[in-house]
Amino acid sequence: PPPSGTDPLAALNDAQREAASHLGGPLLVIAGAGSGKTLTLAARVAHLVLNGADPQRLLLLTFSRRAAQELQRRCAALLHQALGLKPTQAAPVLPWAGTFHSVGARLLREQALAIGLSEQFTVLDRGDAEDLMALVRQQRGLAATAKRFPMKGTCLSIYSRCVNSQSAVGPVVQQVFPWCQDWVDELQALFADYEAAKQDQQVLDYDDLLLWWHTMMQEPAIAGPLSERFQHVLVDEYQDTNRLQAGILRALKPGGGGVTVVGDDAQAIYGFRAAEVRNILDFPGQYSPAARIVTLDRNYRSTQPLLDAANAVIALAPERFAKTLWTDRASAEKPRLVTVEDEPTQARWVCEQVLARREQGLTLMRQAVLFRSSHHSAALELELARRRIPFVKYGGLKFLEAAHVKDVLAVLRWAENPRNRLAGLRVALLVPGIGPAHARRPLDTLAAAADPGAAMATWQPPAAATVEWQALATLWLALRRGEPGWPGELQAIADWYAPQLERLHEHAAARQTDIDQLVQLARGQRSRERFLTELALDPPEASSDNAGDPSLDEDYLILSTIHAAKGQEWQAVTLLNVVDGCVPGDLGVGTTAELEEERRLLYVAMTRARQHLDLIVPQRFYVTQQHRHGDRHMYGARSRFLPPELLPLFTHATPRADGSEPTRPTTQVMDLREKLRSRWG
Ligand code: ATP
Ligand code: MG
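What you see is a predicted model, and the numbers here were worked out from it, not measured in a lab.

### Description of helix α24 (residues 592–606)
In step 1: For α24, spanning 15 residues, the distance from its first C-alpha to its last is 21 Å, which sits close to the expected 21 Å at 1.5 Å a residue.
In step 2: What α24 keeps buried is the set E597, E598, R599, R600, L601, L602, Y603, V604, A605 and M606.
In step 3: Check the buried side of α24 and you find it contacts α14 (304–315), β10 (367–371), β13 (570–575) and β14 (609–621).

### Considering the pairing of β13
In step 1: The element β13 is largely enclosed, with a buried count of five among its six residues.
In step 2: Looking at chain direction, β10 and β13 are connected through four bridges and run parallel. Paired with V369 across the bridge in β13 is T574.

### Quick word on the domain arrangement of the protein
In step 1: By the assigned domains, the protein splits into domain 1 (14–104 + 211–294), domain 2 (122–201), domain 3 (313–379 + 540–653) and domain 4 (401–534).
In step 2: With 17 residues of domain 1 in contact, the opposing surface of domain 3 contributes 17 residues.
In step 3: Counted by class, the side of domain 1 that touches domain 3 contains eight nonpolar, six polar and three charged residues.

### Points about the UniProt feature "binding site: ATP" (unreviewed entry) in the protein
In step 1: What UniProt calls "binding site: ATP" (unreviewed entry) maps, in this numbering, to A31, G32, A33, G34, S35, G36, K37 and T38.
In step 2: If near-sequence neighbours (up to four positions away) are discounted, A31 is found in contact with K37, D264, T295, L296 and D297.
In step 3: Residues in contact with G36, not counting those within four places in the same chain, are Q16, L296 and Y300.

### As for the sheet that holds strand β3 (residues 96–99)
In step 1: What the six strands build is an open sheet, ordered β3-β2-β6-β7-β1-β8; its pairing is parallel. With partners counted over all chains shown, the strands left at the sheet margins are β3 and β8 (292–294), one partner each. Here the strands of the sheet are splayed against their neighbours by 15° on average, with no regard to which way each runs.
In step 2: In this sheet, strand β7 (residues 259–263) lies alongside strand β1 (residues 27–30) in parallel orientation, the contact comprising four bridges. When the sheet's bridge partners are listed, V29 is paired in β7 with V262.

### A short note on the site of ligand 1
In step 1: Inspection of the region around ligand 1 gives 18 residues, with G36, K37, T38, L39 and Y300 positioned closest.
In step 2: Ranked by residues supplied to the shell around ligand 1, first place goes to helix α2 (residues 37–50) with three residues.
In step 3: For the shell around ligand 1, the residue count by class is five nonpolar, nine polar and four charged.
In step 4: Taken domain by domain, the shell around ligand 1 gets at least three of its residues from each of domain 1 (14–104 + 211–294) and domain 3 (313–379 + 540–653).

### So, the environment of V262
In step 1: The topology assignment puts V262 in strand β7.
In step 2: For V262, a count of 26 C-beta atoms within 10 Å corresponds to the buried category.
In step 3: Taking the C-alpha atoms as reference, V262 lies 5.8 Å from I30; in sequence the two are 232 residues apart.

### Thoughts on the confidence of the model for the protein
Note that predicted coordinates carrying low pLDDT should not be read in detail.
In step 1: For the protein, per-residue confidence averages 84 on the pLDDT scale, and residues scoring 70 or more make up 87% of the total.
In step 2: Every residue in residues 537–552 scores below 50 in pLDDT, and together they form 25 contacts with partners more than four places removed in sequence or on other chains.
In step 3: The low-confidence segment residues 659–666, where pLDDT is below 50, has two contacts with residues more than four positions distant or belonging to other chains.
In step 4: Predicted complex metrics record ipTM = 0.99 and pTM = 0.79.

### A look at the environment of A129
In step 1: If you trace the backbone, A129 turns up in helix α5 (residues 126–139).
In step 2: Remark: the alpha-carbon pair of A129 and A46, spanning 83 residues in sequence, is separated by 39 Å.

### Focus: α2
In step 1: Over its 14 residues, α2 runs 20 Å from end to end, which matches the ideal 20 Å to within 8%, given 1.5 Å per residue.
In step 2: Along α2, 12 of the 14 residues are buried, which leaves the element largely enclosed by surrounding structure.
In step 3: Residues of α2 that are buried make contact with α1 (14–20), β1, β2 (58–62), α3 (65–82), β6 (232–235) and β7.
In step 4: The first or second residue beyond α2 is G52, which carries a positive phi of 100°.

Parameters and conventions
- Residues numbered from 1 in each chain as written.
- Chains lettered and ligands numbered in written order.
- Predicted model: local features only at pLDDT ≥ 70, side-chain atom pairs only at ≥ 80, totals over all residues.
- Helix = DSSP H or I, 4+ residues; strand = E, 2+ residues; numbered from the N terminus.
- Expected span 1.5 Å × (residues − 1).
- Buried ≥ 20, exposed ≤ 12 C-beta atoms within 10 Å, placed from the backbone.
- Contact = placed C-beta atoms within 7 Å.
- Pairing = 2+ DSSP bridges.
- Domains from an automatic or database assignment.
- Nonpolar A, V, L, I, M, F, W, Y, C, P; charged D, E, K, R; others polar.
- UniProt positions renumbered as here; feature names shortened; annotations may be inferred.
- Axes fitted to C-alpha atoms, helices over the stretch in contact; angles between N-to-C directions.
- Near = placed C-beta within 6 Å.
- pLDDT = per-residue confidence, 0-100.

Dropping the structure here:
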């Protein structure tokens, strides 16, 4: 590099520098959260490029598109500095960075003709894949069998699990889907048909991108040139790769030369998708004796009190690769354990904290709110929208933008205002047998029925629509008459909607949870009108897909599932619902392995924070799935991962539950309507 430049290794500590400047043999960096693994990877890339490696012969594999972009950004910054370039000068050529899936898609397109694939193959998204599975299932007559055959979504999950773990149907079903044991033979035949259908249509599903890549790598004529082409292959978050991915890596670099993997076994959180933490633990043996192992034990991210708490949580795990992190970032501020009354209080409290921190100079972007499952943020999203605090959400659609939530709200909006044709149309289309072309007449008919003065319209629903339409008409007319009243009417709508949900959407159970959540939120508002007004406050633009898009220059808060927050860090992190049933999730169904994965999730969440960390424990926590038919509130218990002996590591706060709404005058002073009318004599 020219003298003006800064060596990309200059800022690294000794162990990091050793890893970054390691020569060609297989290299494993295994180290705890925030120890600079990703930074070291970026520095290694910059170092390689500066020492003459061709950037186009480097391949960087990450677990998400966002992580790939972030890694490239870091590499670019280091190269810029090293080459003494001005910020305005164009960045040097950057190595190829992407997820296994995106890189696979590109390589398969390059090699398509050689492997019997059309160059124009399409990649099916999850929804398309499910539809194809449903079709094949139908054709085999499995949908109509007396004993219920698994739904298309479950079939695809089993299929996916088999592919990614490289196992046969039998063992996968036995271990992970025991309720489908009677169907192993049928599933096997179904999957054969599904495979044939995909080949027939020249489409690949998501898993195929790995499977085809992996299979292609078994052909020496293709594997040879590809492993020549990539001088170095570097993988971040290696603990969350599955067997196929490890196999691909091995096939790309059979001797392990030029392979760098970094990861942390304590952060393995994708076992539920067939990731194998063994990949990272077995790496040294796999490439013995050539493999070099570097461990990093200094954490640069978090203050000592935060690290103490996170270390204590993971230390209780029965099995792990022992490592303790240290930091010199002293602080007097311990993480906080905040007990609040219920979820609405939690949402209000989080908003107040976020705003208070912004007052103190911490922009929204440097704060994040994390949660176990996407729907846990529903109450918070509404509160943020109400206060017009902009946010983006990673890992899951924004609650109010989900189709099923919109469906239910459309019924309510249409009842509130029969002239809201947009809402009416949306509702009419939910009825089987009514299509866009003939939705107008039924709407007019209903409007006429609600208005005694209007002329009678005479519309006869088509046969397929009769029952559903009658039910809807009855419900709608009742709503217009003010029955059964607020907030019960939202439950009535939800009841009508449940069968439509089953019919229209896959994953009905999970979506039903959202609807239940909506009903629950309605109980917190005093009227339908008030509820709808709150919701109408336009939610921020960004949706989950372009979340984090750097072109969004407005300041916004990050909401994220813990899974999607992997690898990232924020100045302040708040974790919602640190209660049993949530972290760990789904009480009563977990195996030990699943429970341990939940513990690591908590560890991942806690280690995202640099300076401030709040764990919130709502005492009244709404658990839908376990309590479907009974009491819908469960009294939350603090997560079992925070046993009493860990409590001294936290400060404790119990903010007052302030459920009051803005005050309104209760007595009417005068009726202005009267006054205005009387002006005209
Ligand atoms: P995770 O396990 O969460 O993915 P990680 O090990 O990949 O964490 P990084 O994200 O690379 O850690 O680094 C964490 C933070 O520490 C970053 O802000 C990074 O810039 C900083 N950091 C890492 N190494 C150093 C160093 N040698 N000097 C100063 N800061 C460092
Ligand atoms: Mg990292």
